[in-house]
Every structure is written in C-alpha cells, then in structure tokens.
Amino acid sequence: MTGKERREQLLDIGRTLFAERGFEGTSVEEIAHKAGVSKPVVYEHFGGKEGLYAVVVDREMRRLLDMVTGALTGGHPRELLEQAAFALLDYIEQYTDGFRILVRDSPVAQSTGTFASLISDIATQVEDILGHEFKRLGFDPKLAPLYAQALVGMVALTGQWWLDAQKPKKAEVAAHLVNLSWNGLAGLEPKPRLIGHRKN
C-alpha cells in the first residue's frame, strides 16, 4: 500500500470504530490490528488517536455542510426549507457512521469543532434567506439569526431521533418538519410577547 492508501484505510477503519464505540471506546491498538499494521504506523500518519479522530470529524463536518449548502438551490422560501431538511436527512441516511460520530461528544471537540458549531454554520446559510423574508414581511431582520438557529436545531435534533427510529419515511419526516417550521413562520407575530407572569 502507498502511504496515501494506508492513510485512507486507517481513516475508514477509525471512522467505523468511532461510530460504533465512540472516541473513548476505540483504541489505537484496535485500529492498528484491524488495518494489519503496528501501532507506530497509526502514530506516524496521525500522531495518535486524537489526530485520526480530528481528521474524521473534519471530513464529516465538511461533507454535511457541503450537502446542505449545495441543496439550497433557491426557489420559494418554503422550498428552501424542504431542501435543507432533505439534505440533513439524506446525510443521516447515506453517512450514518459519520452522523453518529458528529453527534457524540469527544475530548478533541474543542479543536475540531462540534455538532453544535456545524449546526451554527448551517444556520448562518439559512440566516440570509430568513433575513430577506423578514424584511419583506416588515419584521426585524436582526432576529433572523435567532430563528435560523431554532429552525436548523429543530431539524438536527429530529434527525438524531429519526436515525434510531427509522420511521416514518424520510419524505414524511421532511414534510412534517417543513409543516411545523413553515406554518409556524407563516403565523409569526412581528412583536411576540409573553403572556405569563414572568417577563425576564
């Protein structure tokens, strides 16, 4: 195997093991054993388990972000919501191991990013769309980031649930997510107020 091929093999094996067992449950010994190499080979390529994990997480974050941003092709704002929901659900379905890795906490998350930071990146893409809609509707566009985080977070958490439930079908999940978010946005109050006693 060339050095590049060996590196890819180790990444594939690491990705599978991290998805099954998490960062803590995976050892360099096991990665090396499954690859048919000695531990020093893993250290040579990645400097250790943390380095391997960081590359795996980085690749998955890039893949998911590319899928979501690539799916936002335009059209009616409701269609954009559908595109974003389908992109995340497609990623969960096609790259289940990657999604399992992204939603786990790890000791190297601070240096490689977290699922929350990835969701924040995706929400930034949605902010622009909502900002234009808010202006058109006479709402304060400065609130678009808050709504973008809420919408993308809703889809992401539903995606985590759907990964294990595996039903209803993907299109039905997307339709319900869009139904809640779109109809919620359609009935949005320009200046929402609390009705309970607590005001701050």
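- An unreviewed UniProt entry lists the chain under the name Transcriptional regulator, TetR family, from Actinacidiphila alni.

Section: the overall build of the chain
- Each helix and strand in the chain was counted, giving 10 helices and zero strands.
- Each helix and strand of the chain, ordered N terminal to C terminal, gives the series α-α-α-α-α-α-α-α-α-α.
- C-alpha extents for the chain along the principal axes are approximately 65 × 35 × 30 Å.
- Taken over 200 residues, the chain has a buried fraction of 42%.
- By sequence separation, contacts in the chain at least 24 residues apart represent 67% of the contacts at least 6 residues apart.
- Roughly 11,300 Å² of accessible area belongs to the chain as shown, and the carbon and sulfur atoms make up 53% of that amount.
- Separation of charge centres in the chain, based on 24 positive and 26 negative side chains, amounts to 4 Å.

A look at the UniProt feature "domain: HTH tetR-type" (unreviewed entry) in the chain
- Residues annotated in UniProt with the feature "domain: HTH tetR-type" (unreviewed entry) correspond here to residues 4-64.
- This span, residues 4-64, is 82% helix and 0% strand, and a straight line between its end C-alpha atoms measures 23 Å.

With respect to the pattern of salt bridges
- Within the structure shown, the criterion is met by nine salt bridges.
- The partner of R100 in a salt bridge is D164, with the nearest N and O atoms 3.6 Å apart. Here the residue R100 occupies a position in helix α6 (residues 96-103), and D164 occupies one in helix α9 (residues 144-165), the gap between them amounting to 64 residues.
- One salt-bridge network, in which partners are shared between bridges, spans R15, E60 and R63.

Parameters and conventions
Residues numbered from 1 in each chain as written. Predicted model: local features only at pLDDT ≥ 70, side-chain atom pairs only at ≥ 80, totals over all residues. Heavy atoms only, no water. Helix = DSSP H or I, 4+ residues; strand = E, 2+ residues; numbered from the N terminus. Buried < 20%, exposed > 50% of the residue type's maximum accessible area, 1.4 Å probe, protein only. Contact = heavy atoms within 4.5 Å. Areas by Shrake-Rupley, 256 points an atom, 1.4 Å probe, with all protein chains shown as cover. Lys, Arg positive; Asp, Glu negative; His and termini not counted. Charge placed at Lys NZ, Arg CZ, Asp CG, Glu CD. UniProt positions renumbered as here; feature names shortened; annotations may be inferred. Salt bridge = Lys/Arg side-chain N within 4 Å of Asp/Glu carboxyl O.

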